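Tertiary structure, described
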Amino acid sequence: MSGRTNFSSGLGFILVAAASAVGLGNLWRFPYLAAEYGGGIFLFTYLVLAVTLGFVLMITEIAIGRKTGKSAFWAFGRLNKKWHFLGIFSLVIPCIILPYYSVIGGWIMQYGAMFVTNQADIVAADASGFFNTITSAVAEPIIWAGIFLALTAVILLFGVHKGIQRVCTFLLPLLIVLIAGLAVYCIILPGGLDGVAYYFIPDFSKLSGEVILAAMGQVFFSLSLATGVLVTYGSYLSKKENIEKSVRWIEIFDIGAAVIAGFLIVPAVFAFSGGAPESLGAGPGLVFIQLPQVFATIPFGTVVGAVFFICMFLAALTSAVSLFEVPVAAIADKFRIKRQVAVGFVFLCATALAVIINFGYSIWSDFTIFNYQILDFTDLLCNSILMPILAILTCIFAGWILKPEQLEEEIENGSSFKAKKFYHVMIKFIAPVCVAVILIYLISQSI
Ligand code: PHE
């Protein structure tokens, strides 16, 4: 994007930011975590954290971007030279997420291809067997992840990502309507209501440090926090726009998409797999195992499934574009090289890492790090360790180094800031202390 203030209207900003936020985090990650971490209690914890911690961090990042007019890499240093390291830190996280995001993106494309070529019955006949077969193949998943990354790179190279994101702002509602329709279908299937009860009624005896950490990581991932993406988006936002209102809308889109996806997948686990603990704890494969079974039982299931996977693929692609853009912008700026060269470099690095992550399912499937398979470990490292650390540092920076008044002024800027008092207390005290306590508690537990 050239020049600042590139969003022609506040609505444009909200839709583009929502298109980046809504992706695999909502449709793939949220449902499997909700199923695994006790259903209702996970949903409850997630919602509380999203509207408190998520809200405060999102406002802070967008305000830092708008105040400096700089992308994440430079913005922190522009406000205080000693804190330039936060810009570097926030660059590292998308570089770790992008490779495994593209591995999942590749799986989606493979599923989509099966549905488009009318082979849905093969997938549904043995849903978990099919998932294991395609993910444990040596070459194919790497090729699909490579295609996913290449498409992302092409979109960035041709500078059409704003166009693509606009298209997605139409497709997103379609995807949400599809998910909602399928959710209603699964809920009324025998067993579906048990799934609703599991997903919706919190069982507070299941609340644990692990649940809170998983929900917190999901808030960071899903809202694209602590990755530099929102700082960069903020730098393009017009001074006239009301940041607080925009953030509320982005949250409504993002939380809404995740919650509805949960209403589809969790009841599906109960309807098709009886809600057994092994099924609920299927992890990253859950959505891929449940969805084909749902499509197999509805009229025109192959067509609906094909449309569904295409929409899901596009939602993933827009999020991948924003992840890819962070290192490209930083490298191109820092080393004063052409954007094309930076795109090529990031593409090669991300593909190499995607190969390693894929091997974790095939030739290195016995290799684990702290008992985690490679993809699970990278996901955990980012969402449960690096993002919380970056979030704590961002709160310290905004609350104590910059002083919240500076950002509050930026947020107010002509409009009112309704949650100002709440923001002040949260950013200075509650948010950094709570995130630090959760992180230290869990690290001490696992040592
Ligand atoms: N929020 C995106 C999703 O839910 C993922 C993402 C994370 C995108 C961080 C950009 C930055 O899929």
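Before reading further, recall that the structure is shown in the block above.
An account of the accompanying structure is given in this report. (Residues numbered from 1 in each chain as written. Predicted model: local features only at pLDDT ≥ 70, side-chain atom pairs only at ≥ 80, totals over all residues. Heavy atoms only, no water.)

**Quick word on the overall build of the protein**
Secondary structure assignment for the protein yields 20 helices and zero strands. A globule of 447 residues ought to have a C-alpha radius of gyration of about 22 Å, and the protein, at 21 Å, matches this closely. Sorting the 447 residues of the protein into buried and exposed places 60% on the buried side. Here the contacts in the protein between residues at least 6 apart in sequence split such that 82% fall between residues at least 24 apart. About 17400 Å² of surface is accessible on the protein, with carbon and sulfur atoms providing 69% of the total. Mean positive and mean negative side-chain charge positions of the protein (24 and 23 charges, respectively) differ by 19 Å. (Helix = DSSP H or I, 4+ residues; strand = E, 2+ residues; numbered from the N terminus. Rg over C-alpha atoms; globule rule 2.2 N^0.38 Å. Buried < 20%, exposed > 50% of the residue type's maximum accessible area, 1.4 Å probe, protein only. Contact = heavy atoms within 4.5 Å. Areas by Shrake-Rupley, 256 points an atom, 1.4 Å probe, with all protein chains shown as cover. Lys, Arg positive; Asp, Glu negative; His and termini not counted. Charge placed at Lys NZ, Arg CZ, Asp CG, Glu CD.)

**Looking at the pattern of salt bridges**
One pass over the structure, following the stated rule, counts six salt bridges. Residues Lys239 and Glu410 are paired through a salt bridge, measuring 3.1 Å at the closest nitrogen-oxygen approach. Pair noted here: Lys239 is in the loop between helix H12 (229-235) and helix H13 (243-273) and Glu410 is in helix H19 (residues 404-412), with a separation of 171 residues, a long-range link. Look at Lys239 and you get partly exposed, because its relative accessible area is 40%. With its nearest N and O atoms 3.3 Å apart, the salt bridge here joins Lys420 to Glu412. For Lys420, a relative accessible area of 30% translates into the label partly exposed. Judged by its relative accessible area of 26%, Glu412 falls in the partly exposed class. Through salt bridges with shared partners, a single network forms among Arg66, Lys239 and Glu410. (Salt bridge = Lys/Arg side-chain N within 4 Å of Asp/Glu carboxyl O.)

**Considerations on the environment of Phe313**
Relative to the assigned elements, Phe313 resides in helix H16 (residues 301-334). Taking relative accessible area as the criterion, Phe313 reaches 16% and is therefore assigned buried. Residues Phe313 and Lys245 lie 68 residues apart in sequence; the distance between their C-alpha atoms is 29 Å. Residue contacts for Phe313: discarding those within four places in its chain leaves Ile108, Met109, Phe148 and Leu151.

**Some details on the site of the ligand**
Close to the ligand lie 15 residues; Ala21, Leu24, Gly25, Tyr101 and Phe221 are nearest. At 2.8 Å, a backbone N or O of Gly25 approaches an oxygen atom of the ligand. Within the side chain of Ser224, an N or O atom sits 3.0 Å from a nitrogen atom of the ligand. Contact with the protein chains covers 100% of the free accessible surface of the ligand, which is 320 Å². For the shell around the ligand, the secondary-structure elements that each account for two or more residues are helix H1 (10-21), helix H2 (24-36), helix H11 (209-222) and H16. Of the residues belonging to the shell around the ligand, the class tally is six nonpolar, nine polar and no charged. (Near = heavy atom within 4 Å. Polar contact = N/O pair within 3.5 Å; in protein donor to acceptor, adjacent residues only side chain to side chain. Nonpolar A, V, L, I, M, F, W, Y, C, P; charged D, E, K, R; others polar.)

**Some points on helix H20 (residues 420-446)**
The terminal C-alpha atoms of H20 lie 37 Å apart, and with 27 residues this matches the ideal 39 Å at 1.5 Å per residue to within 8%. For H20, the full list of buried residues reads Tyr423, Met426, Ile427, Lys428, Ala431, Pro432, Val435, Ile438, Leu439 and Leu442. Those residues of H20 that are buried are in contact with helix H3 (40-68), H11, helix H18 (374-401) and H19. (Expected span 1.5 Å × (residues − 1).)

**Considering the state of the cysteines**
In the structure shown here, the tally under the stated rule is zero disulfides. Left unpaired, Cys349 is separated from the closest cysteine sulfur, that of Cys95, by 8.0 Å. The class for Cys349 is partly exposed, based on a relative accessible area of 34%. (Disulfide = S-S within 2.5 Å.)

**Considering the packing of helix H5 (residues 84-116) against helix H7 (residues 127-136)**
For the pair H5 and H7, the least separation of the axes is 11 Å and the interaxial angle reads 125°. The angle between H5 and H7 places the two elements in the oblique class. Crossing hand, H5 versus H7: right-handed. Contact with H5, carried on its side by Trp107, Gln110, Tyr111 and Met114, involves Ala127, Phe130, Phe131, Ile134 and Thr135 of H7 and no other residues of that element. A per-class count over the contact of H5 with H7 returns seven nonpolar, two polar and no charged. (Axes fitted to C-alpha atoms, helices over the stretch in contact; angles between N-to-C directions. Parallel < 35°, antiparallel > 145°, perpendicular 65-115°, else oblique. Left-handed = near helix turned anticlockwise from the far one by under 90°.)

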